[in-house]
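Next come the chains, spelled out residue by residue.
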Amino acid sequence: MTEHAPGSTGSVRPGIISRLAGELIRAAVTAPSMHNTQPWRFRITGAGYTIELRADPARMLPAADPDGRATHIACGAALFNLRAAAAATGVNTEIRLLPDLGQPLLLAGVRLAGRHRPTSWDRELAAAIPRRQTNREPFSARPVPPGIRAELAEAAGLEGARLDLLDHEESLRVLGLAADAERDLLASPAYRVELARWAGGERDRDGMPDRALGPRSLEGHAPVREFAPDRDTSRVIYAWFEQEPQLAVLSVDTPGPAGWLAAGQALERVWLTATCRGLSVSPLTQPLEVADAWLVRDPRSGRGEPQMILRIGYGLPIPPGAPRRPVTEVIDEPGAEP
């Protein structure tokens, strides 16, 4: 994670800073989250100069994410969006992760701390925030060029993470783990109830609407998650997926909440970089939600704690998918109960 030194905001009035904080939160809430639960809350304090990021326990997934790993990753991605939007606006941010051990839901404090001269890449990355989305449609067979693969790996490294682009054999192995994990997860009644709460149907605020679920494969298990196993088969769309999905595994060295937050920030930097380069992305997390998550680690290196599997490639443009709640619903008033 990059931290910026604090500084003076000059003559900028607190009211303007408060409005800026609101705009930064607007960028933050476009981040990805498991089942689009949007498990975050924000609080603007210090006359608008500080933004607190908290996990929302009401939007956690006890069946699929009992330890809160996915919640922390989602909040980390939201934090990166906030940082990127601030940089493009010309504002430095000073970040404190897990600042209060007595408040485990308080994941980060962000201080708007001085002026920053935006680079063209700062602006390009921030411009990708509203365009970034999950593409669960088939991708083309066109390989991602080595230069872009290296750029994605570098993006992860800038956030203290590691991105391993898998070869064909390793991709097949990880896809097999995903299929096995999904079968085991779907055998759990509690998991299916939770999935039904968040996926399928018409949704305009959160969760996964039908339009975002993607098609099923004509050749068996698709390289995307099955969000609605009980949906009416007469309404299911089938498609031919790419024969050789291109996968990448995002890992960190630090286990636990701090590592998960770092993984979320790395995930979003990688995803926004991919968006800037015209790539489509969809996450696969099923193997990371079961007891054998360690099997996702590359057996040849044995390094790192895997936190996300990404399918990358070139897909056709897709319409807007998962909805978002209004920003006003995720901002708490100072002094409110966390």
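Residues numbered from 1 in each chain as written. Predicted model: local features only at pLDDT ≥ 70, side-chain atom pairs only at ≥ 80, totals over all residues. Heavy atoms only, no water.

Draft legend 1. Quick peek at the overall build of the protein. For the protein, the count of helices and strands is 7 helices and 11 strands. In summary, the protein has a C-alpha radius of gyration of 20 Å against a globular reference of 20 Å for 338 residues, a match within 12%. The buried share of the protein, reckoned over its 338 residues, is 54%. Intrachain contacts of the protein at a sequence separation of at least 6 include 77% that bridge at least 24 residues. A total accessible area of about 15100 Å² is found for the protein, and carbon and sulfur atoms account for 55% of it. Across the protein, the mean location of the 39 positive side-chain charges is 6 Å away from that of the 42 negative side-chain charges. (Helix = DSSP H or I, 4+ residues; strand = E, 2+ residues; numbered from the N terminus. Rg over C-alpha atoms; globule rule 2.2 N^0.38 Å. Buried < 20%, exposed > 50% of the residue type's maximum accessible area, 1.4 Å probe, protein only. Contact = heavy atoms within 4.5 Å. Areas by Shrake-Rupley, 256 points an atom, 1.4 Å probe, with all protein chains shown as cover. Lys, Arg positive; Asp, Glu negative; His and termini not counted. Charge placed at Lys NZ, Arg CZ, Asp CG, Glu CD.)

Draft legend 2. Representation of the packing of helix H2 (residues 69–89) against helix H3 (residues 120–127) in the model. Between H2 and H3, whose axes approach to 8 Å, the crossing angle comes to 135°. The angle between H2 and H3 falls in the class oblique. The element H2 and its partner H3 pack so that their crossing is left-handed. Of H3, the residues touching H2 (which contributes Phe80, Ala84, Ala85, Ala87 and Ala88) are Asp122, Arg123, Leu125 and Ala126. (Axes fitted to C-alpha atoms, helices over the stretch in contact; angles between N-to-C directions. Parallel < 35°, antiparallel > 145°, perpendicular 65-115°, else oblique. Left-handed = near helix turned anticlockwise from the far one by under 90°.)

Draft legend 3. Representation of the environment of leucine 272 within the structure. In this structure, leucine 272 sits in helix H7 (residues 256–276). Relative accessible area serves as the criterion here: at 0%, leucine 272 is assigned to the buried category. Counting along the chain gives 191 residues from leucine 272 to asparagine 81, while the straight-line C-alpha distance between them is 9.2 Å. What leucine 272 contacts, discounting residues up to four positions off in sequence, is Phe80, Asn81, Leu125, Ala128, Ile129 and Arg132.

Draft legend 4. Seen up close, the packing of aromatic side chains. One pass over the structure, following the stated rule, counts 0 aromatic pairs. Against the face of tryptophan 271 rests arginine 132, its NZ or CZ located 4.5 Å from the ring centre. Over the ring of tyrosine 314 we find arginine 142; its NZ or CZ atom is 3.9 Å from the centre of that ring. (Phe/Tyr/Trp six-rings, centres within 6.5 Å; stacked < 30°, edge-to-face > 60°. Lys NZ or Arg CZ within 6 Å of the ring centre and 35° of its normal.)

Draft legend 5. Representation of the confidence of the model for the protein. Mean pLDDT over the protein: 91, with 93% of residues reaching 70 or higher. Per-residue pLDDT stays below 50 along residues 1–12; that stretch engages in 35 contacts with residues further than four places along the chain or on separate chains. (pLDDT = per-residue confidence, 0-100.)

Draft legend 6. Inspection of the pattern of salt bridges at higher detail. Per the counting criterion, the structure on display carries 19 salt bridges. In this structure, arginine 277 engages glutamate 124 in a salt bridge whose closest nitrogen and oxygen atoms are separated by 3.3 Å. Of the two residues, arginine 277 is situated in the loop between H7 and strand E9 (280–284) and glutamate 124 in helix H3; the sequence distance between them amounts to 153 residues. Judged by its relative accessible area of 29%, arginine 277 falls in the partly exposed class. Relative accessible area serves as the criterion here: at 31%, glutamate 124 is assigned to the partly exposed category. The network of salt bridges with common partners includes Arg41, Asp56 and Asp332. (Salt bridge = Lys/Arg side-chain N within 4 Å of Asp/Glu carboxyl O.)

Draft legend 7. A look at H3. Residues of H3 that are buried include every one of Asp122, Leu125 and Ala126, and no others. End-on, the buried residues of H3 take up no more than an arc of 95°, which puts them together on one face. In this structure, the buried residues of H3 make contact with H2 and H7. (Arc of directions from axis to C-beta.)

Draft legend 8. View of the side chain of serine 171. Along the polypeptide, serine 171 turns up in helix H5 (residues 168–186). If we skip the residues at most four places from it in the chain, serine 171 touches Leu166, Pro245 and Leu247.

Draft legend 9. Broad picture of the sheet that holds strand E8 (residues 246–252). Across the sheet, which stays open at both edges, the 4 strands sit in the order E5-E8-E10-E9 with antiparallel pairing between neighbours. Each having just a single partner strand, strand E5 (162–165) and E9 make up the two edges of the open sheet. When strand polarity is set aside, the average angle formed by the axes of neighbouring strands in this sheet is 30°. By the bridge criterion, 4 bridges tie E5 to E8 in an arrangement that is antiparallel. Within the sheet, the bridge partner assigned to aspartate 164 lies in E8 and is valine 249. (Pairing = 2+ DSSP bridges.)

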